[in-house]
Amino acid sequence: SQQGEEDPQALSIQEGENATMNCSYKTSINNLQWYRQNSGRGLVHLILIRSNEREKHSGRLRVTLDTSKKSSSLLITASRAADTASYFCATDAIQGAQKLVFGQGTRLTINP
Amino acid sequence: EPEVTQTPSHQVTQMGQEVILRCVPISNHLYFYWYRQILGQKVEFLVSFYNNEISEKSEIFDDQFSVERPDGSNFTLKIRSTKLEDSAMYFCASRWTGPNSPLHFGNGTRLTVT
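Everything numeric in this text was worked out from a predicted model, so none of it was measured.

Thresholds applied
- Residues numbered from 1 in each chain as written.
- Chains lettered and ligands numbered in written order.
- Predicted model: local features only at pLDDT ≥ 70, side-chain atom pairs only at ≥ 80, totals over all residues.
- Heavy atoms only, no water.
- Helix = DSSP H or I, 4+ residues; strand = E, 2+ residues; numbered from the N terminus.
- Rg over C-alpha atoms; globule rule 2.2 N^0.38 Å.
- Buried < 20%, exposed > 50% of the residue type's maximum accessible area, 1.4 Å probe, protein only.
- Areas by Shrake-Rupley, 256 points an atom, 1.4 Å probe, with all protein chains shown as cover.
- Lys, Arg positive; Asp, Glu negative; His and termini not counted.
- Charge placed at Lys NZ, Arg CZ, Asp CG, Glu CD.
- Contact = heavy atoms within 4.5 Å.
- Buried area = accessible area lost by both parts, 1.4 Å probe.
- Salt bridge = Lys/Arg side-chain N within 4 Å of Asp/Glu carboxyl O.
- Nonpolar A, V, L, I, M, F, W, Y, C, P; charged D, E, K, R; others polar.
- Patch = residues over 30% accessible without salt bridge, like charges linked within 9 Å, V, L, I, M, F, W, Y side chains within 5 Å.
- Polar contact = N/O pair within 3.5 Å; in protein donor to acceptor, adjacent residues only side chain to side chain.
- Disulfide = S-S within 2.5 Å.

Draft legend 1. Layout of the overall build of chain A. Broken down by element type, chain A carries zero helices and 11 strands. Counting from the amino terminus, helix and strand elements in chain A follow one another as β-β-β-β-β-β-β-β-β-β-β. For chain A, whose C-alpha radius of gyration is 13 Å, the value lies close to the compact-globule estimate of 13 Å for 112 residues. Burial status across chain A gives 48% buried among its 112 residues. For chain A, the exposed surface amounts to about 5100 Å²; the carbon and sulfur share of it is 44%. Put simply, chain A has 13 plus and 10 minus side-chain charges, and the middle of one group is 5 Å from the middle of the other.

Draft legend 2. Expanded view of the interface of chain A and chain B. Across the contact, 21 residues belong to chain A and 21 residues belong to chain B. A combined buried area of about 1900 Å² lies between chain A and chain B, and 49% of that area is made up of carbon and sulfur atoms. Looking at the side of chain A facing chain B, the largest losses of area belong to A:Q98, A:K99 and A:F102, adding up to 32% of the total buried there. Applying the counting criterion to the chain A and chain B interface returns two salt bridges. The shortest N-O distance in the salt bridge between A:D92 and B:R95 comes to 2.9 Å. Those elements that provide at least two residues to the side of chain A that touches chain B are strand 4 (29-37), strand 5 (43-50), strand 9 (85-93) and strand 10 (100-102) of chain A. Broken down by element, the residue count for the side of chain A that touches chain B peaks at five residues, all from strand 4 of chain A. For the side of chain A that touches chain B, the per-class residue count stands at seven nonpolar, 10 polar and four charged.

Draft legend 3. Region of interest: a nonpolar patch on the surface. Residues B:L30, B:Y50 and B:W96 make up a contiguous nonpolar surface patch of roughly 290 Å² in combined accessible area. Considering the arrangement of structural elements, one finds B:W96 in the loop between strand 9 (88-95) and strand 10 (104-105).

Draft legend 4. Spatial organisation of the side chain of A:T64. Residues and elements named next belong to chain A. Among the structural elements, T64 can be located in strand 7 (residues 61-66). Of the polar contacts made by the side chain of T64, one reaches the side chain of S73; its length is 2.6 Å. The contact partners of T64, leaving out residues within four places of it in the chain, are I49, R54, E55, S71, S72 and S73.

Draft legend 5. The arrangement of the state of the cysteines in detail. Residue and element names in this part refer to chain B. Scanning all chains against the criterion turns up two disulfides over all chains. Disulfide pairing places C23 opposite C92 at an S-S distance of 1.9 Å. Torsion about the S-S bond of the C23 and C92 cystine: about -65°, corresponding to left-handed handedness. Taken together, the positions of C23 in strand 3 (residues 19-24) and C92 in strand 9 put the pair 69 residues apart, joining distant regions of the chain. This pair shows no difference in class: C23 is buried, exactly as C92 is.

Printed below as a string of structure tokens:
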């Protein structure tokens, strides 16, 4: 399997705190992407980090990528109740495939 | 902003029946995908489609499944003889290029097989 586990599977924090989610993968990648899914809805792209990048920011989101450890983290700063959702990482493998492979996801709950 | 649209939003069918799930990808996108998600579980790749042919398919995508892009706008997933275990959310997605571009997802079709 191309994809590993996301950690934690569920995370519950208070509004205003920072939330960190981790993702591991197994193969060499072109890029790693993070998506958000509200309950019962489609996935929405958040951020893409290429294999030659180590860190990327977008608003309150910060993504890191460590290709030597085959891992990534997503940090959401100053969380809001509206950030409550499931967050998935997905990898674009180098070898041939045109698909994104998704992790198990982290269910994030922000308590007001 | 352009969207991927999927119909129907919910489909109930009896075991053994054929279903067709429909998608209209974003118009200038070149790569098309179907994924499924069993309730609360991971998002699983089914098939990718490029240049009017399947480019890759997973082990889930057996002979009961087929895809078509019949008219240059619609992208359909057909399940010939549904099983109980086919009950899931089915998501269509598209993207402009291959690697290094994001996927745009529809809101899914919830398929319930009884």
